[in-house]
Amino acid sequence: MVLLDVLIELKARSLDRPFLYAYDGDLTIEPGMRVYVPFNKQELVGYVLKVEQTHLSIEEVEKKRGFVVEKIISVLDEAPILSNELVQLSEIVSSYYYAPHISVLQAMLPVSLRPTRGALSGPKIAYDTYVSIAKDDDSDLTPALTETYLFVKSNGPTLRKHAGNDYRVSKLLESGHFKLEYKEKRRYELPKVNRKSKPKLTTDQNKVIEEFFVATQSVALLEGVTGSGKTEVYLAIAEAYVKKGEGVIMLVPEIALTPMMVKMFLSRYGEEVAVLHSELTNAQRYDEYRRIASGKAQIVVGVRSAIFAPVKNLGLIILDEEHVESYKQSTDPYYHAREVALFRAQLSGAKVLLGSATPSLETRTRALKGVYKHLRLPKRINEQALPTTHIIDMQNPTNFAPESVIFSRQLLGKLKEVVNKGEQAILLINRRGYATYVNCRSCNHVFKCPNDQATLTYHEFDKMLKCHHCDHVEFFPTTCPNCQNKTLWKTGFGTQRVEEEVNKLVPNAKTLRLDSDSAKVRSKIAKTLKQFADQEANILIGTQMIAKGHDFPNVTLVGVVLADLGLNFPSYRSSETTFQLITQAVGRSGRSDKIGSAYIQTNMPNHYVINLAAKQDYETFYNYEMRIRNMHNYPPYSYLMKVSISSKDKTLTAKTAAILTSDLQVKLKDDAEVLGPLLPYIDYLGGYYFQNIIIKYKNYFKIKPELFKAFRPLIENTRVTINIDVDTLDI
Ligand code: ADP
């Protein structure tokens with residue numbers, strides 16, 4: 001008999017430990033396989049962590065341990081679903097992020113392989129059926145059968161449906177002339193890309209590549225201005241690893257950037273590349289995952305979760321646009337792909353390359369200290385000039401184009417000029433929807449979400465009011481519920497409204513829009529970007545999704561429609577994210593041989609963030625912002641953790657948060673600053689009340705044991721839920 005340590009599929013923190021089961025069947029069970037087990041009168045999927053042989057009987061084990069030991073119901077896998085390296089990684093991630101171990105394992109795996117009951121009905125391997133020659137003799141065949149026989153003989157194994165008349169194929173199978181073969185099918189078809197040769201690298205590119213290879217540090221930051229040719233550096237460094245037979249993970253921060261990167265890698269490596277992102281169906285992701293696990297694909301291009309891809313013999317992890325927040329998952333487990341990359345690289349001895357024009361302050365600081373190798377590309381390719389930028393003061397009414405409530409004369413004029421010249425423009429507006437909010441002209445009632453009190457956004461496409469924080473939607477109201485007045489105003493603007501105005505004011509322009517609304521449709525992102533790249537439209541309008549990474553040579557104008565939107569956001573990081581966003585957006589302009597320009601509309605024309613971003617002056621911004629962070633002891637001078645308490649009972653939530661705050665203040669008094677309890681922006685959602693505690697500290701491992709003790713009683717308490725976001729970006 002064997003004893004098994006099994007993690008149960010339920011993600012509750014209180015169940016985050018292995019449970020003991022027994023198995024006395026004939027199959028060999030190894031750690032990393034899934035089993036079906038009885039648990040609390042249910043039948044659940046479990047994940048085996050440890051297997052131990054025993055000569056004792058169940059009764060003896062029970063007596064020794066002092067609890068009932070049940071037998072598993074069945075074994076679900078023939079082989080472990082994760083490598084040792086990935087299991088170790090899951091333990092590290094679970095411990096660092098305080099995330100239930102099972103939730104990390106689930107986040108690592110494609111749907112069909114997850115340790116959950118749902119996975120059992122997920123996509124399975126799909127096969128293509130081939131026919132091939134089984135008997136090398138056609139002497140006794142009729143002419144018709146001979147024809148089919150010879151067709152397959154000359155072509156080799158042929159897809160059954162392509163082998164000709166199915167009656168004849170069946171006959172040949174029956175007579176033993178043909179046999180069937182099954183080959184695993186790849187449901188994801190890679191985009192067709194022509195193989196391309198490498199360009200001759202510039203002196204700067206060659207220099208950073210050389211520096212990367214001789215560096216003693218295992219992590220490097222490639223800091224290169226927009227358009228400095230970072231992608232070619234990634235490709236060249238990756239090539240060296242592929243040649244050595246080592247695997248490469250290439251991460252991009254969001255799905256909109258995958259098509260370009262996939263294309264670049266495919267043009268060099270073809271079938272060697274696997275792709276992992278959420279536009280793939282579950283079946284496609286399963287196939288890609290298996291191709292990687294089997295070693296058929298050595299290079300993986302993907303978004304955040306691809307950091308867990310089962311790449312064999314991993315040599316290199318690259319994170320492009322390393323500063324982007326979407327590398328951090330905003331639900332449990334709250335992991336950051338960059339942090340996980342560092343953990344994984346340590347385990348496998350791989351190197352990490354972080355790239356950006358506007359590195360996060362954390363990464364830049366480590367590079368300046370020499371913890372990471374600092375590589376720089378200070379100039380654009382071919383010394384192409386950075387775009388000329390204009391800051392337009394939208395507080396000054398004379399700057400508005402007379403026919404518009406959105407555009408300045410300057411930006412509108414330039415937009416028309418660019419369209420007339422047959423060039424292209426990008427308009428960035430960091431807010432989706434049509435109007436920001438709807439209010440009553442008479443009593444000023446603002447329409448809010450009944451679930452969380454967030455202001456509702458008007459969407460012109462379906463004429464609905466939508467909450468951007470939960471799923472609530474409602475029809476556009478005909479009257480004000482407060483005073484019955486019928487005049488309701490749509491105030492502010494988002495991507496849809498900008499698109500509508502452009503269509504009205506620049507009628508000869510063809511526009512495309514890309515935001516998370518339009519991107520809900522599968523493959524819409526890749527399609528829209530391709531249409532724009534193929535110059536089927538003159539103007540691309542979108543949210544931050546279009547601001548970074550893309551390389552459209554014909555774009556000579558970038559308009560930031562309202563630059564201050566992000567600055568008003570109440571977060572210590574708003575300056576950094578706004579600087580990055582504007583710098584990246586401006587950097588999309590004039591990347592080829594034509595000189596580009598950028599127009600930044602703002603109500604705060606003197607704000608340092610806007611001025612420095614317009615100049616692409618990262619250095620001054622970094623120094624200035626670091627002084628502010630130092631003054632307030634914010635990262636990178638400290639680390640931040642957000643603990644969120646929630647329950648259905650408002651008083652219980654407040655009381656629990658208050659007790660935990662004072663408990664932590666006492667326990668961590670020398671090593672951390674504990675702020676709270678704080679009411680979050682949305683403090684009531686879906687029947688639950690929320691309160692937050694923020695913990696600021698310098699040394700995580702020093703406070704960890706005390707934190708653990710303080711959280712323990714709450715984890716056991718079934719009436720309150722505790723959520724822990726380590727290295728939070730969300731404050
Ligand atoms: P970044 O990611 O640094 O903003 P890209 O990698 O997109 O910049 O490169 C900018 C442009 O320069 C792209 O169009 C790319 O094809 C081109 N490029 C890069 N390296 C070279 C090179 N060595 N020779 C010619 N063109 C290059």
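Residues numbered from 1 in each chain as written. Predicted model: local features only at pLDDT ≥ 70, side-chain atom pairs only at ≥ 80, totals over all residues. Heavy atoms only, no water.

**A word on the domain arrangement of the protein**
No. 1: Taken domain by domain, the protein consists of domain 1 (2-120), domain 2 (127-184), domain 3 (203-381), domain 4 (384-433 + 495-629), domain 5 (435-492) and domain 6 (639-726).
No. 2: Here the C-alpha centre of domain 2 lies 46 Å away from the C-alpha centre of domain 1. (Domains from an automatic or database assignment.)

**What about the sheet that holds strand 25 (residues 539-542)?**
No. 1: Read from one edge to the other, the open sheet built from six strands follows the order 17-27-26-18-25-24, with strand pairing classed as parallel. Of all the strands in the sheet, the pair left with one neighbour each is strand 17 (388-393) and strand 24 (511-514). Strand-to-strand twist across the sheet, computed as the mean angle between neighbouring axes with direction ignored, equals 15 degrees.
No. 2: Packed on one face of the sheet, helix 13 (residues 495-505) meets strand 18 (424-428), strand 24 and strand 25 and runs near 175 degrees to strand 24.
No. 3: Where helix 14 (residues 524-533) meets the sheet, it contacts strand 18, strand 24, strand 25 and strand 26 (555-560), and its direction lies at approximately 150 degrees from that of strand 24. (Pairing = 2+ DSSP bridges. Helix = DSSP H or I, 4+ residues; strand = E, 2+ residues; numbered from the N terminus. Axes fitted to C-alpha atoms, helices over the stretch in contact; angles between N-to-C directions. Contact = heavy atoms within 4.5 Å.)

**Notes on the packing of helix 4 (residues 143-155) against helix 5 (residues 166-174)**
No. 1: For the pair helix 4 and helix 5, the least separation of the axes is 10 Å and the interaxial angle reads 85 degrees. Taken together, helix 4 and helix 5 sit at an angle that is classed as roughly perpendicular. Residue-level inspection shows Ala144, Leu145, Glu147, Thr148 and Tyr149 of helix 4 in contact with helix 5, the latter providing Arg168, Val169, Lys171 and Leu172.
No. 2: Grouping the constituent residues of the contact of helix 4 with helix 5 by class yields five nonpolar, one polar and three charged. (Parallel < 35°, antiparallel > 145°, perpendicular 65-115°, else oblique. Nonpolar A, V, L, I, M, F, W, Y, C, P; charged D, E, K, R; others polar.)

**Considering the site of the ligand**
No. 1: Residues in contact with the ligand amount to 16 residues; listed here are only the nearest, Lys200, Gly227, Lys230, Thr231 and Asp551.
No. 2: Within the backbone of Gly227, a nitrogen or oxygen atom sits 2.6 Å from an oxygen atom of the ligand.
No. 3: In the environment of the ligand, an oxygen atom lies 2.9 Å from a nitrogen or oxygen atom belonging to the side chain of Arg591.
No. 4: Here the ligand loses 79% of its free accessible area of 570 Å² to cover by the protein chains.
No. 5: Its residues assigned to classes, the shell around the ligand shows four nonpolar, seven polar and five charged. (Near = heavy atom within 4 Å. Polar contact = N/O pair within 3.5 Å; in protein donor to acceptor, adjacent residues only side chain to side chain. Areas by Shrake-Rupley, 256 points an atom, 1.4 Å probe, with all protein chains shown as cover.)

**Observations regarding the packing of helix 2 (residues 84-96) against helix 10 (residues 337-348)**
No. 1: Where helix 2 meets helix 10, the closest approach of the two axes is 10 Å, and the angle between their N-to-C directions is 140 degrees. One element, helix 2, and the other, helix 10, form an angle in the oblique class. Judged by the twist between their axes, the crossing of helix 2 over helix 10 is right-handed. In contact with Glu85, Leu86, Gln88, Leu89, Ile92, Val93 and Tyr96 of helix 2, helix 10 contributes Glu339, Val340, Phe343, Arg344, Leu347 and Ser348.
No. 2: Class assignment of the residues belonging to the contact of helix 2 with helix 10 gives a composition of eight nonpolar, two polar and three charged. (Left-handed = near helix turned anticlockwise from the far one by under 90°.)

**Here we look at the state of the cysteines**
No. 1: Scanning the entire structure with this criterion turns up zero disulfides.
No. 2: We note that Cys440 lacks a disulfide partner, and the nearest cysteine sulfur, in Cys483, lies 3.6 Å from it.
No. 3: Residue Cys440 is classed as buried on the basis of its relative accessible area, which comes to 1%. (Disulfide = S-S within 2.5 Å. Buried < 20%, exposed > 50% of the residue type's maximum accessible area, 1.4 Å probe, protein only.)

**Section: helix 17 (residues 618-632)**
An α-helix turns once per 3.6 residues; consequently, residues spaced three or four apart project the same way.
No. 1: Given a rise of 1.5 Å per residue, 15 residues ought to cover 21 Å, and the 21 Å separating the end C-alpha atoms of helix 17 matches this to within 8%.
No. 2: Looking at helix 17, one finds that the buried residues are Tyr618, Phe621, Tyr622, Glu625, Met626 and Arg629. Buried residues of helix 17 fall within an arc of 125 degrees about the axis and therefore sit on the same side. In helix 17, those exposed residues whose orientation departs by more than 90 degrees from the buried face are Arg627 and Met631. (Expected span 1.5 Å × (residues − 1). Arc of directions from axis to C-beta.)

**Section: the side chain of Lys696**
No. 1: Mapped onto the elements of the fold, Lys696 is located in strand 31 (residues 688-697).
No. 2: Engagement of the side chain of Lys696 in a polar contact is seen with the backbone oxygen of Asn633, the distance being 3.5 Å.
No. 3: With near-sequence residues (within four places) excluded, Lys696 lies in contact with His632, Asn633, Tyr634, Ser638, Tyr639, Leu640, Asp671, Ala672 and Glu673.

**So, the nonpolar core**
No. 1: The biggest cluster of nonpolar side chains holds 74 residues, and the ones touching the most others in it are Met641, Leu660, Leu664, Ile695, Leu707 and Phe711.
No. 2: The element that contributes the greatest number of residues to this core is helix 19 (residues 700-716), accounting for seven residues.
No. 3: If you look at the next biggest cluster of nonpolar residues, it comprises 38 residues, including Ala256, Leu428, Ala598 and Ala613. (Core = buried A, V, L, I, M, F, W, Y, C linked by side-chain atoms within 4.5 Å.)

**Regarding helix 7 (residues 230-243)**
No. 1: Taking 1.5 Å per residue as the helical rise, helix 7 with its 14 residues ought to reach 20 Å, and the 20 Å between its terminal C-alpha atoms agrees with that figure.
No. 2: For helix 7, every residue scored as buried is listed here: Lys230, Thr231, Glu232, Val233, Tyr234, Leu235, Ile237, Ala238, Glu239, Tyr241 and Val242.
No. 3: Phi turns positive, to about 85 degrees, at Gly245, one or two residues after helix 7.

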